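Spelled out, the chains give:
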Amino acid sequence: MAVKIGLVGTGTVGGGCIDIIKTHAADFKRHYGIDIELVAVSSLNPEQAAAHGVSKLFTPDFMNIINNPEIDIVIELIGGTTVAHTVVTEALKAGKHVVTANKALMATYGVEITELAREQHKELAFEASVGGGIPIIDPLKHSLIANKITQVMGIVNGTTNYMLTRMDEAGLSYDEALKEAQANGFAEADPTADVDGFDAAAKISILASIAFNTNITMSQVYTEGIRDLSAIDMATAKELGYALKLLAIANLTDEGVDVRVHPTMLPIDHQMAKVNGVFNAIWCVGDFVGETMFFGEGAGAGAAASAVMGDVLEVARHVQQGILPISGNTTKDELAIIPMDELSTKYYLHLVVHDQAGVLAKSATIFAKHGVSISSMMQKGKQKGGAVDLVYITHHASEKSIRAAVKDLVEAEGILANDTKPVVIRVQE
């Protein structure tokens, strides 16, 4: 007997799932013995269902799917944390297994939803919530479970990676790169979630929670985006032997979890530094496996739908074989989140300053006041109004000291020009 599927959300990814089922359902049954049948779809747009040839399965009310006793698995692909939360929780309460690609939902309500799934003895699968078509959730839960994972680091947002790649390779400004990304369909009309780092923060909170066996929400992730970066920063990074990437970083330490998203200078010979365009990559370090990297397309209908359907098929296999998910509570470590102020690393600082005597001396005094030791200083050209670009590279310093120094630089008279603010980029070693 076929495992019955109900789909909520017929947009880009939902449409991809419909296409995969129509194209490969017979192959799934013949090759793997997994028999699935799409029996109902729901969304706000019946035209999307019609475009994929499933008008006869359409219902405007998702509760019709949840209340259908024949449906075994509900796929949630509408996004957001409001209606989607209702879909997922009501489906679990109704005795359905759930597959979702909703990173925001899992990053915000993951603990609640996971516990509900345990109580209902149902499976909750969310591989597509991070990395699109890149398999990473399942490897962390299964393939790498024999290891103590100490680091997860990722380029997990294709929009920003595309923009930074174009700024690097073509010398585009931030605004030019964003406009091009939007024209090519890689960035939304409102790019806030991507360029301000929120999308990446949601994803690293999910990965860190799984990798370190703790509960981390998106709100606990220190987050910076790429709006302040310029072509000068890209060119200087390359000159210094680095690639500039928006990295999502999580480290397990004796003191707790260091988890953050921000632009980062990564040594050019690191494998992650070679990940360009809309591609994503996730780097994991385990005590026995060592360093591993997962690479591939992080977005798009095909990649995300592939991950969703991989989850659907695995859950369907369990349904057919009568395999019950592990019930009861599993112990989670209550790990502290290390405050960002306690970070210690090297820093890149880009200042636009007045081209006049005394600026360097004033800046040096401020750095010395806060114990920030400068490794090198470069002038990178002139701007309008008699201003110049200065770039400093520090020795190891604390985040707290750097922030204090930047605050004093901003408030001091006669240093910063053109109402600019310093650009601060952390250097990954």
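Residues numbered from 1 in each chain as written. Predicted model: local features only at pLDDT ≥ 70, side-chain atom pairs only at ≥ 80, totals over all residues. Heavy atoms only, no water.

1. Notes on the sheet that holds strand β3 (residues 73-76)
Consideration 1: In spatial order, the strands read β2-β1-β3-β4-β5; together these five strands make up an open sheet with parallel pairing. Two strands close off the open sheet at either side, each with one partner strand: β2 (36-42) and β5 (124-125).
Consideration 2: Taken together, the two bridges between strand β4 (residues 97-100) and β5 define a ladder with parallel strand orientation. Looking at the pairing, Val-98 lines up with Leu-124 of β5.
Consideration 3: Strands in contact with helix α4 (residues 83-93) are β1 (3-8), β3 and β4; relative to β3, the strand with the most contacts, it is inclined by about 170°. (Pairing = 2+ DSSP bridges. Helix = DSSP H or I, 4+ residues; strand = E, 2+ residues; numbered from the N terminus. Contact = heavy atoms within 4.5 Å. Axes fitted to C-alpha atoms, helices over the stretch in contact; angles between N-to-C directions.)

2. Some words on unusual backbone geometry
Consideration 1: Its identity as a non-glycine residue notwithstanding, Asn-213 has a phi of 55°, on the positive side.
Consideration 2: Along the chain, Asn-213 falls in the loop between α10 (198-211) and β7 (222-223).
Consideration 3: Residue Asn-213 is classed as partly exposed on the basis of its relative accessible area of 30%. (Buried < 20%, exposed > 50% of the residue type's maximum accessible area, 1.4 Å probe, protein only.)

3. Some thoughts on the packing of aromatic side chains
Consideration 1: Throughout the structure, instances matching the rule amount to three aromatic pairs.
Consideration 2: Relative to Tyr-392, the ring of Phe-367 lies with its centre 5.0 Å away and its plane at 65°, an arrangement referred to as edge-to-face. In this pair, Phe-367 is assigned in helix α13 (residues 359-369) and Tyr-392 in strand β14 (residues 387-394), connecting sequence segments 25 residues apart.
Consideration 3: Look at Tyr-392 and you get buried, because its relative accessible area is 5%. (Phe/Tyr/Trp six-rings, centres within 6.5 Å; stacked < 30°, edge-to-face > 60°.)

4. Points about the environment of Lys-4
Consideration 1: With respect to the secondary-structure elements, Lys-4 resides in strand β1.
Consideration 2: Taking C-alpha positions, Lys-4 is 36 Å from Val-152, a pair spaced 148 residues apart along the chain.
Consideration 3: When residues no more than four places from it in sequence are discounted, the contact partners of Lys-4 are Glu-37, Val-39, Glu-70, Ile-71, Asp-72 and Ile-73.

5. With respect to the pattern of salt bridges
Consideration 1: What the rule picks out here adds up to 21 salt bridges.
Consideration 2: Notably, a salt bridge pairs Lys-203 with Asp-199, separated by 2.9 Å at the nearest N-O pair. Of this pair, Lys-203 and Asp-199 both sit in helix α10, separated by four residues, roughly a single helical turn. Asp-199 matches Lys-203 in its accessibility class, with the two residues each being buried.
Consideration 3: Where Asp-258 meets Arg-260, a salt bridge forms, and the shortest distance between an N and an O atom there is 2.7 Å.
Consideration 4: For Asp-258, a relative accessible area of 11% gives the class buried.
Consideration 5: Three or more residues are tied together by salt bridges with common partners; here these are Glu-224, Asp-341, Glu-399, Arg-403 and Arg-426. (Salt bridge = Lys/Arg side-chain N within 4 Å of Asp/Glu carboxyl O.)

6. Focus on the pairing of β3
Consideration 1: Residues Ile-73 and Ile-75 line one face of β3 and the alternating positions Val-74 and Glu-76 line the opposite face, and both faces are buried.
Consideration 2: Relative to β3, β1 is paired through four bridges, and the arrangement is parallel. Bridge assignment links Leu-7 to a residue of β3, and that residue is Ile-75.
Consideration 3: Looking at chain direction, β3 and β4 are connected through four bridges and run parallel. Looking at β4, one finds that Glu-76 is bridged to Thr-100.
Consideration 4: Between the parallel elements β3 and β4, the chain passes through α4 in a crossover that is right-handed. (Right-handed = clockwise from strand over helix to strand, strands pointing away.)

7. Some remarks on the pairing of strand β16 (residues 423-427)
Consideration 1: Burial analysis of β16 places five of its five residues in the buried class, the great majority of the element.
Consideration 2: A two-sided burial pattern is seen for β16, the buried positions comprising Val-423, Ile-425 and Val-427 on one face and Val-424 and Arg-426 on the other.
Consideration 3: Across two bridges, the pairing between strand β9 (residues 256-267) and β16 is parallel. By the bridge assignment for β16, Met-265 is matched with Val-427.

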